[in-house]
Amino acid sequence: MASQLVREWVGIQQFPPATQSKLLELLGDLKQQDVNTLNILVMGKSGVGKSSTVNSIIGERAVAVSAFQSEGLRPVIVSRLSAGFTLNVIDTPGLIEGGYVNDQTLEIIKRFLLDKRIDILLYVDRLDAYRVDNMDKQVIKAITDSFGKDIWRRALVVLTHAQLSPPDGLEYDVFFSKRSESLLKVLRVGARIKKQDAWGFNIPVVLVENSGRCNKNQSDEKILPNGTAWIPNIVKTITEVALNGSKSILVDRKLIEGPNPNRQWKEFIPVIFAFQYFFIIKPIQRAIKSDIAKEAKPAWELRDSGGSSRRF
Ligand code: GDP
Ligand code: MG
């Protein structure tokens, strides 16, 4: 990602000292494992808080946030450098339009990412949504079809609007676990993650509160209702996923132009051909040959030959 402007990460100095030191420690952990760059792709439906989350993590108003207007058409990359570490965050337009996945938007995102590497996917949605529906499944399916199922090994589910009072008198933690479980269930279906793929059951879910009215602790850090300082927490989880041993996704031509990367049955095509050749074409050829051979003999010979065929 050399082409875009990499600026000094001044936003990190805007965080309270407690957050700053935790972030620098995490960046240090990454560098120790030879990870000096992280490319973070942010995706999800419109209006869920993708751009706000980018700004919260960077600590600057780097990308436009809007309550009413539709988002821009193009992805935006924000690159920041701190103590020899480069953070590239790619904010994308929402994928749903008029109740369907907008294929054109998806195509623009794929072209934008061509020849780039995705280290982390932040799949963003709201905590205060009470139902999952087919649209969620469609967005997840579109991401999976575009970048392959393995992108979910590098994913975090991010739930915004975390500062809420759960409905029906539910405990916060109970509501959070119900909401995350129902979203993860749809995610596993949309991403075609099988029951035996244990990793599919360990996709982390993190909470985010982008509002300026987010509560703070004594160290002036923004906190969740359970007291967790959420910015260090999301960066910590990103670090864990980056170091979980799975591979980053390289977006090459083959991936975005080739057939669906999840259709593994394409490997069976030669086997199907071989099967057809030996079990269908060959027997038909044999049958035709024997028919021709029979036809070549005069009818009286076939009648007279009986069991002991005479040869001339
Ligand atoms: P995007 O379309 O997914 O990029 O969403 P935006 O980041 O533009 O946010 C859409 C609206 O939701 C804006 O009015 C934001 O201020 C608001 N918003 C985003 N995240 C949060 C959050 O965590 N809490 C609250 N209260 N509002 C949020
Ligand atoms: Mg946006």
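You'll find the structure just up there.
About the cut-offs
- Residues numbered from 1 in each chain as written.
- Chains lettered and ligands numbered in written order.
- Predicted model: local features only at pLDDT ≥ 70, side-chain atom pairs only at ≥ 80, totals over all residues.
- Heavy atoms only, no water.
- Salt bridge = Lys/Arg side-chain N within 4 Å of Asp/Glu carboxyl O.
- Helix = DSSP H or I, 4+ residues; strand = E, 2+ residues; numbered from the N terminus.
- Buried < 20%, exposed > 50% of the residue type's maximum accessible area, 1.4 Å probe, protein only.
- Near = heavy atom within 4 Å.
- Polar contact = N/O pair within 3.5 Å; in protein donor to acceptor, adjacent residues only side chain to side chain.
- Areas by Shrake-Rupley, 256 points an atom, 1.4 Å probe, with all protein chains shown as cover.
- 1 Å grid on protein atoms, 1.4 Å probe; cavity = no way out; pocket = protein on both sides within 12 Å on 5 of 7 lines; lining within 4 Å.
- Points joined across faces, edges and corners; volume = space filled by probe spheres on them.
- Nonpolar A, V, L, I, M, F, W, Y, C, P; charged D, E, K, R; others polar.

Visitor: Explanation requested: the pattern of salt bridges in the structure shown.
Guide: Here the idea is simple: oppositely charged side chains can pair when their charged atoms come close. Tallied over the entire structure, the rule returns 15 salt bridges. A salt bridge links Lys45 to Asp125, with the nearest nitrogen and oxygen atoms 3.8 Å apart. Pair noted here: Lys45 is in the loop between strand E2 (37-44) and helix H2 (50-58) and Asp125 is in strand E8 (residues 120-126), with a separation of 80 residues, a long-range link. Across this residue pair, the class does not change: Lys45 and Asp125 are buried. A network of salt bridges, in which partner residues are shared, links Lys45, Asp125, Asp136 and Arg179.

Visitor: What is the right way to look at the site of ligand 1 in this model?
Guide: Residues in contact with ligand 1 amount to 18 residues; listed here are only the nearest, Gly47, Lys50, Ser52, Glu209 and Asn210. The contact in question runs from an oxygen atom of ligand 1 to an N or O atom on the backbone of Gly49, over 3.0 Å. In this structure, an oxygen atom belonging to ligand 1 sits 2.8 Å away from a main-chain N or O atom of Lys50. If ligand 1 stood free it would expose 580 Å²; the protein chains cover 80% of that surface. Top contributing element to the shell around ligand 1 by residue count: H2, with three residues.

Visitor: Which parts of the structure should I look at to understand the side chain of Thr92?
Guide: In this fold, Thr92 is placed in the loop between strand E4 (85-91) and strand E5 (96-97). Among the polar contacts listed, one links the side chain of Thr92 to the backbone oxygen of Val42, at a separation of 2.6 Å.

Visitor: Just checking my understanding: could you explain empty space enclosed by the protein for this structure?
Guide: Once rolled over the atoms, a probe with the size of a water molecule shows which space is left empty. Counted according to the given criterion, the structure contains two cavities of 30 Å³ or more. Of the volumes computed, that of the largest cavity is approximately 70 Å³. Every residue along the wall of the largest cavity is listed here: Trp9, Leu27, Leu30, Leu38, Ile40, Ile57, Phe85, Leu87, Val235, Ile238 and Thr239. Elements with a contribution of two residues or more to the lining of the largest cavity: helix H1 (17-32), E2, E4 and helix H6 (230-242). Here the lining of the largest cavity gets three residues from one element, more than from any other, and that element is H6. For the lining of the largest cavity, the per-class residue count stands at ten nonpolar, one polar and no charged. Reported here for the second largest cavity is a volume of approximately 30 Å³.

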